[in-house]
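# Structural characterization, general
Here are the chains, one letter per residue:
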Amino acid sequence: MGVPACLPAQYPLFPFMRRPVFDPQQLPVMPSEASLPALGAERLTAEFVRDRLRTPPDWEPEHTDESRLIDASLKLREAAVLVPLVQRDAGLTVLLTQRNASLSQHAGQISFPGGGREAIDRDAVDTALRETNEEVGIEGDHIEVVGRLPDYITGTGFHVSPVVGLLTPDFVLRPDPSEVAEVFEVPLAFLMDPANHEVRELRWEDRVRRFYAMPYRRPDGAYHFIWGATAGMLRNLYHLLAA
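Residues numbered from 1 in each chain as written. Predicted model: local features only at pLDDT ≥ 70, side-chain atom pairs only at ≥ 80, totals over all residues. Heavy atoms only, no water.

## So, the overall build of the protein chain
Counting its regular elements, the protein chain contains 4 helices and 11 strands. A burial count over the protein chain gives 52% of its 243 residues as buried. Across the protein chain, every contact between residues at least 6 apart in sequence was considered, and the portion connecting residues at least 24 apart equals 72%. With an accessible surface of roughly 11,100 Å², the protein chain has 50% of that area assigned to carbon and sulfur atoms. (Helix = DSSP H or I, 4+ residues; strand = E, 2+ residues; numbered from the N terminus. Buried < 20%, exposed > 50% of the residue type's maximum accessible area, 1.4 Å probe, protein only. Contact = heavy atoms within 4.5 Å. Areas by Shrake-Rupley, 256 points an atom, 1.4 Å probe, with all protein chains shown as cover.)

This is the structure in structure tokens:
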């Protein structure tokens, strides 16, 4: 379904299940049900994010489960991603990757660094940090883990734990070309403005699926279509910071 764009290519989709083939960018944009405000600048600082993640208020995540497209008898696969917030002079940005177009799964999609849990990982934080280092080369010394977002179950059977980290900007990128085609950053202010959150709808057989998309055009003209699980987790980051 494309939602686990942040997950490793070595995990096959369930080959015996019929899944729709579609271009998410061609699906209709649905009317917004409510107008939510953009986050103010005071909530887009490293200090606010750190405090909010470490001592969160009562809040409700909007959406964390795509499992209606999964055979309920199937065991979910554990995975974790890093939601990397880079502390730039001009403000926080979110570091994202575009997957290699030659990959057998989720080719070309936008994702957080991350992947499947391995036996050597003590917990989701270990998985997220290890995968970030393997995929884009950022060492743990540059990452301050400040908390986690609600776990997210994808439509292809992954139980994803999103780990939020504040990054110092002096890291050196060493992306793995076998997995990552490009690494780029999006201003957190753009992603925390619901005016930039589209809802797309897919109708397939007797099912209707709606998911978030956050199309972003960089100052240099490059275009990125952020959607599915990645957009869903960002949407919940908005709700946490807005609470």
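Text resumes after the structure shown.
## Quick look at the side chain of D121
Assignment of secondary structure puts D121 in the loop between β4 (114-116) and α2 (124-136). A relative accessible area of 7% means that D121 is categorised as buried. In this structure the side chain of D121 is engaged in a polar contact, spanning 2.9 Å, whose partner is the backbone nitrogen of E118. Other than its neighbours up to four places away in sequence, D121 contacts G116, D126, T127 and R130. (Polar contact = N/O pair within 3.5 Å; in protein donor to acceptor, adjacent residues only side chain to side chain.)

## Quick notes on the packing of helix α1 (residues 46-54) against helix α4 (residues 228-242)
Where α1 contacts α4, the axes come no closer than 10 Å and their chain directions differ by 90°. If you check the angle between α1 and α4, you find them roughly perpendicular. Two secondary-structure elements touch here, α1 through F48, V49, R52 and L53 and α4 through L240, L241 and A242. Along the lines of polarity and charge, the residues of the contact of α1 with α4 split into 6 nonpolar, no polar and 1 charged. (Axes fitted to C-alpha atoms, helices over the stretch in contact; angles between N-to-C directions. Parallel < 35°, antiparallel > 145°, perpendicular 65-115°, else oblique. Nonpolar A, V, L, I, M, F, W, Y, C, P; charged D, E, K, R; others polar.)

## Concerning the pattern of salt bridges
Enumeration over the complete set of coordinates arrives at 14 salt bridges. Salt-bridge contacts for R88 lead to E185; the nearest nitrogen and oxygen are separated by 2.6 Å. Taken as a pair, R88 in strand β1 (residues 77-88) and E185 in strand β8 (residues 180-187) lie far apart in primary sequence, 97 residues in all. Judged by relative accessible area, E185 falls into the partly exposed class, the value being 22%. In this structure, D151 engages R148 in a salt bridge whose closest nitrogen and oxygen atoms are separated by 3.5 Å. The exposure class assigned to D151 is partly exposed, which follows from its relative accessible area of 30%. Among the charged side chains, a salt-bridge network with shared partners connects E118, D121, R130, E131 and E134. (Salt bridge = Lys/Arg side-chain N within 4 Å of Asp/Glu carboxyl O.)

## Observations concerning the nonpolar core
Residues L191, M192 and I226 are the most contacted members of the largest nonpolar core, which totals 40 residues. For this core, the secondary structure elements donating two or more residues are α1, β1, β2 (91-99), β7 (158-167), β8, α3 (188-191), β10 (207-217) and α4. It is α4 that contributes the most residues to this core, 8 residues altogether. Each residue touching M192, except ones within four places of it in the same chain, is listed here: A38, L39, L44, L234, L237, Y238 and L241. By size, the runner-up hydrophobic cluster in this structure holds 12 residues, among which are L82, L95, V136 and I138. (Core = buried A, V, L, I, M, F, W, Y, C linked by side-chain atoms within 4.5 Å.)

## Structural notes on the confidence of the model for the protein chain
The predicted model of the protein chain has a mean per-residue pLDDT of 86, with 84% of residues at 70 or higher. Scored below 50 in pLDDT, residues 1-17 makes 71 contacts in the model with residues more than four places away or belonging to other chains. (pLDDT = per-residue confidence, 0-100.)

## Quick word on α1
By the burial criterion, the buried members of α1 are A46, F48, V49, R50, R52 and L53. At its buried positions, α1 is contacted by β1, β2, β5 (143-148), β7 and α4.

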